Every structure is written in structure tokens, then in C-alpha cells.
Protein chains: 2
Amino acid sequence: MVDNVKTASDKVFVDIRQAIVEGVIPQGSKISEPELSKQHQVSRATLREALNRLESCHLIERKANVGSRVIALTEEKLRDIYQVRSSLEGLACRLAAENMTCDEIQEVKSLLNQHLNTQRVKQGESYYQEEGDLDFHYRIIKGSKNNHLINLLCNEMYQLVRMYRVQMGMNGPRVTKAFDEHLAIINAIEAGDGELAELLMKRHISASGKNIENKFKQD
Amino acid sequence: MVDNVKTASDKVFVDIRQAIVEGVIPQGSKISEPELSKQHQVSRATLREALNRLESCHLIERKANVGSRVIALTEEKLRDIYQVRSSLEGLACRLAAENMTCDEIQEVKSLLNQHLNTQRVKQGESYYQEEGDLDFHYRIIKGSKNNHLINLLCNEMYQLVRMYRVQMGMNGPRVTKAFDEHLAIINAIEAGDGELAELLMKRHISASGKNIENKFKQD
DNA sequence: AGCTATATATTTGTCGACAATCTGTTGACT
DNA sequence: AGTCAACAGATTGTCGACAAATATATAGCT
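Figured I'd write up the structure that's included with this text.

1. A closer look at the interface of chain B and chain A
Move 1: Each partner contributes residues to the interface: chain B has 29 residues there, and chain A has 28 residues.
Move 2: Taken together, both faces of the contact between chain B and chain A bury some 2300 Å²; the carbon and sulfur share is 51%.
Move 3: Between chain B and chain A we count four salt bridges in total.
Move 4: One salt bridge in this structure joins Glu49 of chain B and Arg48 of chain A, with 3.8 Å as the shortest N-O distance.

2. Structural notes on the relation of the copies chain B and chain A
Move 1: The two copies are related by a screw operation: chain B maps onto chain A through 180° of rotation and 0.0 Å of translation along the axis, at an RMSD of 0.0 Å. Here the transformation between the copies is reduced to the relation of a two-fold axis.
Move 2: Most of the interface of chain B is mirrored in chain A, where 93% of its interface residues are also at the interface.

3. Observations concerning the pairing of strand β3 (residues 67–70) of chain B
Side-chain positions along a regular strand alternate between the two faces of the sheet.
Residues and elements named next belong to chain B.
Move 1: Residues of β3 alternate between two faces, with Ser68 and Val70 buried on one and Gly67 and Arg69 left unburied on the opposite face.
Move 2: The pairing of strand β1 (residues 30–31) with β3 spans two bridges and is antiparallel. Looking across to β3, one finds that Ile31 is bridged to Ser68.
Move 3: For strand β2 (residues 60–63) and β3, the ladder comprises four bridges, and the chain directions are antiparallel. Opposite Arg62, over in β3, you have Ser68 as the bridge partner.
Move 4: Between β2 and β3, which pair antiparallel in sequence order, lie three residues; one of them, Asn65, sits at a positive phi of approximately 65°.

4. Re the protein's contact with DNA strand D
Move 1: Near DNA strand D there are 20 residues, and of these Arg44 and Arg48 of chain A together with Ala8, Ser43 and Thr46 of chain B occur at the shortest range.
Move 2: Of everything in DNA strand D that lies within 4 Å of the protein, sugar and phosphate atoms constitute 71%.
Move 3: Ser43 of chain B is positioned such that a nitrogen or oxygen atom in its backbone is 2.7 Å from a phosphate oxygen of DNA strand D.
Move 4: The separation between a phosphate oxygen of DNA strand D and a polar side-chain atom of Thr46 of chain B is 2.6 Å.
Move 5: Taken together, the elements giving at least two residues each to the surface near DNA strand D come down to β1 (30–31), α2 (33–39) and α3 (44–56) of chain A together with α1 (8–21) and α3 (44–56) of chain B.
Move 6: Taken together, the residues of the surface near DNA strand D break down into eight nonpolar, seven polar and five charged.

5. Quick notes on the sheet that holds β1 of chain B
All names here are of chain B.
Move 1: The strand order across the open sheet formed by three strands is β1-β3-β2, and the pairing between neighbours is antiparallel. For this open sheet the edge positions go to β1 and β2, each flanked by a neighbour on one side alone.
Move 2: Contacting β1, β2 and β3, α3 runs over the sheet at an angle of about 115° to β2.

6. Topic: α3 of chain A
Move 1: Here α3 of chain A is 13 residues long and its end C-alpha atoms lie 18 Å apart, about the 18 Å a rise of 1.5 Å per residue gives.
Move 2: Two residues or fewer past α3 of chain A, His58 of chain A is found with a positive phi of approximately 65°.

7. Observations concerning the sheet that holds strand β2 (residues 60–63) of chain A
Move 1: Here we have three strands laid out as an open sheet, ordered β1-β3-β2 (chain A), and antiparallel in their pairing. Strands at the two margins of the open sheet, each flanked by one partner only, are β1 and β2 of chain A.

8. Examining the packing of α3 of chain A against α3 of chain B
Move 1: For the pair α3 of chain A and α3 of chain B, interaxial distance at closest approach is 10 Å and the crossing angle is 20°. As far as their axial angle goes, α3 of chain B and α3 of chain A are roughly parallel. Relative to α3 of chain B, α3 of chain A is oriented so that their crossing is right-handed. Together, Arg48, Glu49, Asn52 and Ser56 of chain A of α3 of chain A and Arg48, Glu49, Asn52 and Ser56 of chain B of α3 of chain B make up the contact between the two elements.

9. Some points on the environment of Glu49 of chain A
Move 1: Assignment of secondary structure puts Glu49 of chain A in helix α3.
Move 2: Taking C-alpha positions, Glu49 of chain A is 21 Å from Pro26 of chain A, a pair spaced 23 residues apart along the chain.
Move 3: Not counting residues within four places of it along the chain, the set of residues in contact with Glu49 of chain A comprises Ser9 of chain A together with Arg48, Asn52 and Arg62 of chain B.
Move 4: There is a polar contact of 3.2 Å between the side chain of Glu49 of chain A and the side chain of Arg62 of chain B.

10. Topic: the nonpolar core
Move 1: Residues Ile189 of chain A together with Ile189 of chain B are the most contacted members of the largest nonpolar core, which totals 120 residues.
Move 2: Not counting residues within four places of it along the chain, the set of residues in contact with Ile189 of chain B comprises Cys93, Ala96, Ala97, Met100, Ile105, Ile140 and Ala197 of chain B.

11. Regarding the environment of Arg139 of chain B
Move 1: Inspection of the secondary structure puts Arg139 of chain B in helix α6 (residues 126–143).
Move 2: Excluding residues that lie within four positions of it along the chain, Arg139 of chain B makes contacts with Met100, Glu107, Val108 and Leu111 of chain B.

Here is what the cut-offs are and how they apply
- Residues numbered from 1 in each chain as written.
- Chains lettered and ligands numbered in written order.
- Predicted model: local features only at pLDDT ≥ 70, side-chain atom pairs only at ≥ 80, totals over all residues.
- Heavy atoms only, no water.
- Contact = heavy atoms within 4.5 Å.
- Buried area = accessible area lost by both parts, 1.4 Å probe.
- Salt bridge = Lys/Arg side-chain N within 4 Å of Asp/Glu carboxyl O.
- Least-squares fit on C-alpha atoms with pLDDT ≥ 70 in both.
- Buried < 20%, exposed > 50% of the residue type's maximum accessible area, 1.4 Å probe, protein only.
- Helix = DSSP H or I, 4+ residues; strand = E, 2+ residues; numbered from the N terminus.
- Pairing = 2+ DSSP bridges.
- Near = heavy atom within 4 Å.
- Polar contact = N/O pair within 3.5 Å; in protein donor to acceptor, adjacent residues only side chain to side chain.
- Nonpolar A, V, L, I, M, F, W, Y, C, P; charged D, E, K, R; others polar.
- Axes fitted to C-alpha atoms, helices over the stretch in contact; angles between N-to-C directions.
- Expected span 1.5 Å × (residues − 1).
- Parallel < 35°, antiparallel > 145°, perpendicular 65-115°, else oblique.
- Left-handed = near helix turned anticlockwise from the far one by under 90°.
- Core = buried A, V, L, I, M, F, W, Y, C linked by side-chain atoms within 4.5 Å.

If you want it as C-alpha cells, here you go:
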């Protein structure tokens, strides 16, 4: 999770992004440019550079001459995002089945074994599972060897997905299930069965989305 | 194709975008901020605002402390983009079959009839067909009622796709074929057969991509 | 001659100030 | 009392100038 931070606006971007994803800056709240620029000790120009990138990640919404608001988490948006994500990661999975090398596949398999162990030790602590889950998805996406797709999922959508997961919370019973699904997916990829891998990944993500949707129903 | 142009940077963004898509600013060329800002008679801050949005559309690439370059059209990128587009518009089509109203469907059908007429009159002039093609795709995408998907396809990817079509050129024989495919797609949507509509749209776009790929092979 | 290192020049990143626009309030009028 | 209009306050959009970084040119060395 090491971002290439070279300029001041890079750092501000990363900092604010984390604050939004973790809910430190509440969803739906208005963003004051003068206030935030003082808070991060940069000029407004630098802050606005960061805001532009946050908009590219769909974490804030801007209106001309009005200002920026942090995105509001709604059930409709969750559905929209997960429909898109399911479709795209399904594609990534199919391409991964065609393009991943044997070495890359073996790495993912050993990664899953590590998860299994930490899961036994730290039973119930969903945080680690979440990190592991994201790592797994990262590897599959990279395995597609489709740079446009990789950028779309890993840079432009990733933090938004993470925001729902962090703020809505992941609950227990799905954790072990997700692990089995990961295993089935990498097996399909190893077998070169792109069609099956795509189907399994789409189901896996749909289930994950439904899981978060249930959190909304509880309110 | 009327964009909401409210600020100076909006106008500069739209102008430069068109220049890039149409090849007035050559692909792969470096962008000089001082030069462009003078050319459009705005300050560098305003220009940079526009450049940020061009980057969001994947039309330019920026490197910290180095500068911006117009994207270079390659066969590999074309493949990557069309794989993603095929998947996403396929999804849009399936959702459209579920969510489009009867009125919306009828509008698209009458739209296609208009295309058939203009096509008879202006045979061979692919420009009109291209406009019509894009209009058709627009309507289907909007019909998905998925705002995230709509934004992704209509705002973030659309001009990039158009850049390939404009600069690589669309040739004749595929034009009438595309019309028939459009007809089959809207019929599937009208019948509420999302699965078929998705399949047909994916094929339609893949064929379109292959068509442009052939242009590359000719070099 | 070719390569390295220094110095110069250009470009990008950042800053503070001004102008244009919007928001909320007050006050007048029907 | 309610509606509309002008005003005040604050916010965003834009500008020109300075600082930091990179690219280019020059000079020195092997």
C-alpha cells in the first residue's frame, strides 16, 4: 500500500483520502478549502490539486462555484458500484486465467495458505482477512495484464470500495466462506478455465456486496 | 454533445479535449503548460485545472516534475480498452433490459429508423453513422439506470474510444452490419432478454474493436 | 573522440492576493 | 404573514510571481 508520494499535493491527497475512507471526515460533509488548506499547511492551489484527484477516485463531488462534498454512502450507489466491480473483476479473472504465469499462480496459492494460518491464529479478527482479501484481488487483477483494467480497479475504484467496507463494517460468518471462494477461483485459473473463474469471481463479489447491503437494511 | 461549460477551465478543457481527440495535438506529443496557457489566454493555474480533467479521461499522462504527454494510440491499449468497454457495455445492456421503460425503448427504435433513412440518403458517409452509433450506445447506457456505470462510460471512457475511432478511421463495409446489430440488441432488450442483449452487445463491440485493430495491422 | 561533471535555462510545483460567484440574511412591499 | 429584492459575508475561480526540480548546454577530463 505504498503510494508514490513525490509532491506536497501527493501527500495531502493521500492523507485526505485516508481520512475520507476511514470516516474521519464524515460522508456527505462539505469540504472547506480554506480550512483544509490551513489544516494541512499548504496553499489552496495545492489543496485543489489534491481535491481534483479525490474527485477522480469518486470520493468527493464538485460543483462549479459551489464547492466539494464528501460522497454519501447509499444503498443505490453500493449496488451500482458492485455491479460494475463484479463485471470488471470477472473480466480480470478470465484474463488472468489466460495470462498469469505458473509462478504468479503459485505465489497466490502460497499467499492463501498464509491467510489460512493467520486466520487460525487470529480467528474472528476480520481486519487481517480484509487485508488478505484485498491482496488476493490485487494479484488477480494484476494477473489480467490489462493496464487499463488494472488502473481502473486498483486506482480509480479501490478506495471507494474500501470506504464501504471500512465504514459499513465486515462481519464474521462470511470470512471463512470468502476464503473457500478464493481457493476455488485460483484453482479455476490454474486449470486455465477462464469461464469458470469469471463466474466464480462474479458470484464472490456479488455475495460480498449483498453482505454490505444487509448492513443498510439493519438501519 | 453539449457540455456544461461554466468556468474558464471548463472551456479550455473542452477545447483541448477536442484538439487531442481529433489529432490537432498529435498523439504522444509533450504538452507545454506555458505555451498552451498563452494559446488559450488563461493562466497556468486554469490550464492545469483542465489538464487534471484530461488526465481523468485518460487522454494525457502526467509525471511529477516532468510534465504531461498526450496519450499514444497503440494496439495494446486498444485491446485493453475494448476488453473493458465490451464488458461494461455488456453489463449496461443487461441492466437496460431490466430497467428501460417501454417509452425509452420505443424512442431508440424510432431513432434507429431515422438512422436507416439518413443512411439510405447519405450512403457511405460514415460520419453520420458514427454519430448515430454513439447516440445509440448512449441511450442504452443511460437505460441501465446505473449512475456509476453511466459516468464511467459516458464521461471517463467515451472520448478515449472516440479518439481511436476518429484517428484510426472507420471504414465502410461494417456500417450496415452495425445497424443490423443495433436492431437485434434493442429487440432483445424489448423482449426483456438481458442475457441475450448482453451477449449481442459484447459481440458488437468486439467486432468494432477488431475492425480498428485491422487498421493497425495495415501499417 | 567520448564521457562525466558543472552550470545554465527551462519547466513544473507552490504560494498569496484579487475577482467572480454563490449563500444566507435583512428589509421593503403586497 | 408571505414573497421578493437588495445586501453582506464567505467561498470558489483565476491570476501573476517565486521556489524547486528537471532537462539542456558547456567545459573539463581520460
